[in-house]
Amino acid sequence: MAGNAAAPAPALRTDVVWTLAGNLVFAATQWAMLVVLARLGSPADVGRYTLGLAVTTPVFLLLSLQLRGAQATEPPDSPYRFGHYFTLRTLLAGLALALCAGWALLSAGPQAQAGLAAVTGWLALAKLFDGLSDVCYGHLQAGGRLTEVARSLMLRGTLSALGLAAAFALTRDVGWAAAAVAGGYLGGLLLYDLPRTRPGTGRWWRPEWSRLRALAALTWPLGVAVGLIALNASLPRYFLGREAGLEAVGLYSALSYVTVAGSMVVTALGQAATTPLARLAAQGDAPGFRALLGRLLLLGAALGAAGVLGALLLGRPLLELLYGPAYGRDVPLFALLMLGAAPGYVASFAGFGMTALREFRAQVPLFLGTTATLALACALLVPGGGLAGAAWATVIGGTAQLLGSLWIVRRALRRGPPAPAQAAPPSPTVEAARD
């Protein structure tokens, strides 16, 4: 067993390096968009753009069913093909687009905050293209082609950032900037993702409804979980938008986006480690699973501590360099936001462990509880505390997610590897009974 575990180490390191590079470049380009909006516009422009993301992201992630994670951890005898994943993701992305467009139309009017409906509509279209790229990533990841995923992220991020910068510089309109982001995502999908996914995948459109319903029944808990994670990131913005306005949302979003640098490291390592973790779980190698996941959890804690220390020591010059003097006065708020991100980093690694253990359904009550805790904290702290109250709410929410995630992983490891029936998709009989 020890020899087998050591063999894939060089490949894992290569995957980690490429995945980390791709995610860091993509995060940097998304960060650059906020910098452009902050430098050329105002905090209200940043708030308008990030509120549009706060509306669209939870909807699309909820309806994504986290199919990429399911693809990457499928057992060898899986009855599903790439066409099933692509068909289901396309249908659900279309539904998400319709829901966001409906919200944009209903919110348009004299009472609407200026330009928010147009921004939301364009960002919803960008999320649709992003979802189609993501299902391509699931196929590439399952085949060990994470290098190509990383290159795609670099391309899509660069195209969307350059497009936003050019559009906003010419028009000073956040709606046109969001339209340029959608164009960049479409360019990456057409120029890179689809051509590299097409060979060997067979039919892409498989409207086999019983199979699609079974796949959705298997993966819906992951969709609910990741949708709630996105909702948790958006909740403070909703409360701030209602209590303090777009400028407060813009300031909060700009400062909190610095935490995404750590999230990208966590995502890169977690995605690269998901398949090895799933293999260890399937083999019943609990000590090996604990050792690998333990190293990841320790790294998450170290990243969180480094972020808080960096915010305290370098916060003011960093924020002024990135966004300008208007953003450099809030170092205590910045440090609080980094403190709130720290338990989230560790909890994210535990989340990859849950997915590798095929603990799909357990994630629904976990994130429902986390969302309820965060919403209550925001409701109690934001009205009187403003930006600081929102930051403390993220600390409370992240801690709740971490404790629940660790408990689920510990329980699953004590129970042992899942039986084949648990790891396999539901049978048609079970599916019909559920319907």
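An account of the accompanying structure is given in this report. (Residues numbered from 1 in each chain as written. Predicted model: local features only at pLDDT ≥ 70, side-chain atom pairs only at ≥ 80, totals over all residues. Heavy atoms only, no water.)

## Quick notes on the overall build of the protein
Along the protein, the regular secondary structure elements total 16 helices and 0 strands. Taken across its 435 residues, the protein has 55% of its residues classed as buried. In the protein, 82% of the contacts between residues at least 6 apart in sequence involve partners at least 24 apart. A total accessible area of about 18100 Å² is found for the protein, and carbon and sulfur atoms account for 69% of it. (Helix = DSSP H or I, 4+ residues; strand = E, 2+ residues; numbered from the N terminus. Buried < 20%, exposed > 50% of the residue type's maximum accessible area, 1.4 Å probe, protein only. Contact = heavy atoms within 4.5 Å. Areas by Shrake-Rupley, 256 points an atom, 1.4 Å probe, with all protein chains shown as cover.)

## Focus on a nonpolar patch on the surface
Together, Leu339, Leu376, Leu380, Leu381, Trp392 and Ile396 make up an exposed nonpolar region whose accessible area comes to about 560 Å². Considering each element in turn, the nonpolar patch owes the most residues, 5 residues, to helix α14 (residues 363-415). Along the polypeptide, Ile396 turns up in helix α14. (Patch = residues over 30% accessible without salt bridge, like charges linked within 9 Å, V, L, I, M, F, W, Y side chains within 5 Å. Salt bridge = Lys/Arg side-chain N within 4 Å of Asp/Glu carboxyl O.)

## Remarks on the side chain of Thr371
Within the secondary structure layout, Thr371 lies in helix α14. A distance of 2.8 Å separates a polar side-chain atom of Thr371 from the backbone oxygen of Phe367. With residues near it in sequence (within four places) discarded, Thr371 still touches Leu228, Leu231, Asn232 and Leu235. (Polar contact = N/O pair within 3.5 Å; in protein donor to acceptor, adjacent residues only side chain to side chain.)

## Some remarks on the packing of aromatic side chains
The way to describe two aromatic rings as a pair is by their centre distance and the angle between their planes. What the rule picks out here adds up to 4 aromatic pairs. Measuring from centroid to centroid gives 6.4 Å for Tyr80 and Tyr85, while their planes differ by 70 degrees, and the two rings are edge-to-face. Both residues of the pair, Tyr80 and Tyr85, belong to the buried class. Above the face of the Trp18 ring, Arg151 is positioned so that its terminal group lies 4.9 Å from the ring centre. (Phe/Tyr/Trp six-rings, centres within 6.5 Å; stacked < 30°, edge-to-face > 60°. Lys NZ or Arg CZ within 6 Å of the ring centre and 35° of its normal.)

## A few points about the nonpolar core
Judged by nonpolar contacts, the single largest core of 125 residues is most densely connected at Tyr49, Leu164, Leu255, Leu277, Phe289, Tyr323 and Tyr327. Looking at which element gives the most residues to this core, the answer is α14, with 15 residues. (Core = buried A, V, L, I, M, F, W, Y, C linked by side-chain atoms within 4.5 Å.)

## So, helix α12 (residues 286-323)
Taking 1.5 Å as the rise per residue, α12 with 38 residues should run 56 Å; its terminal C-alpha atoms sit only 46 Å apart, a clear shortfall. The axis of α12 is deflected most strongly, by about 80 degrees, at Leu314, and proline Pro317 appears within four residues downstream. Residue Asp285 occupies the N-cap position of α12, its side-chain oxygen lying 3.0 Å from the main-chain nitrogen of Gly288. Phi turns positive, to about 115 degrees, at Gly324, one or two residues after α12. (Expected span 1.5 Å × (residues − 1). Bend = angle between axes of the 7 residues up to and from the residue.)

## A word on the packing of helix α11 (residues 260-282) against helix α13 (residues 331-356)
With their axes 8 Å apart at the nearest point, α11 and α13 run at an angle of 25 degrees to one another. By the angle between their directions, the pair α11 and α13 is classed as roughly parallel. Helix-helix and strand crossings are classified by hand; for α11 and α13 the assignment is right-handed. Residues Gly262, Ser263, Val266, Thr267, Leu269, Gly270, Gln271, Thr274, Leu277, Ala278 and Ala281 of α11 touch α13, and the partners they reach there are Tyr345, Ser348, Phe349, Phe352, Gly353 and Ala356. Split by residue class, the contact of α11 with α13 holds 9 nonpolar, 8 polar and no charged. (Axes fitted to C-alpha atoms, helices over the stretch in contact; angles between N-to-C directions. Parallel < 35°, antiparallel > 145°, perpendicular 65-115°, else oblique. Left-handed = near helix turned anticlockwise from the far one by under 90°. Nonpolar A, V, L, I, M, F, W, Y, C, P; charged D, E, K, R; others polar.)

## A look at the packing of helix α6 (residues 116-142) against helix α8 (residues 174-197)
At a minimum axis distance of 8 Å, the contact between α6 and α8 shows a crossing angle of 20 degrees. It follows that α6 is roughly parallel to α8 by the angle criterion. Our pair here, α6 against α8, has a crossing hand that is left-handed. Each residue belonging to the contact of α6 with α8 can be placed in one class, and the counts come to 19 nonpolar, 4 polar and 3 charged.

## Remarks on unusual backbone geometry
In this structure, Gln66 takes a positive phi of about 50 degrees despite not being glycine. For Gln66, the location among the structural elements is in the loop between α3 (43-62) and α4 (67-72). For Gln66, a relative accessible area of 29% corresponds to the partly exposed category. Residues other than glycine seldom take positive phi values, yet Arg172 does so here, at roughly 55 degrees. Along the chain, Arg172 falls in the loop between α7 (146-171) and α8.

## Side note on the pattern of salt bridges
Under the defined criterion, the tally for this structure stands at 7 salt bridges. The partner of Arg68 in a salt bridge is Asp134, with the nearest N and O atoms 3.6 Å apart. Of this pair, Arg68 sits in helix α4 while Asp134 sits in helix α6, and the two are 66 residues apart along the sequence. With respect to class, Arg68 is no different from Asp134; both count as buried. Asp134 sits in the buried class, given a relative accessible area of 19%. Taken together, the shared-partner salt bridges connect Arg68, Arg89 and Asp134 into one network.

## Topic: the side chain of Thr394
Position of Thr394 among the secondary structure elements: in helix α14. When sequence neighbours within four positions are dropped, the list of residues in contact with Thr394 reads Pro236, Tyr252, Gly340 and Leu374.

## Overview of the environment of Pro221
Mapped onto the secondary structure, Pro221 falls in helix α9 (residues 209-243). Separated by 139 residues in sequence, Pro221 and Phe360 place their C-alpha atoms 5.5 Å apart. Leaving out residues up to four positions away in the same chain, Pro221 has contacts with Phe360, Arg361 and Val364.

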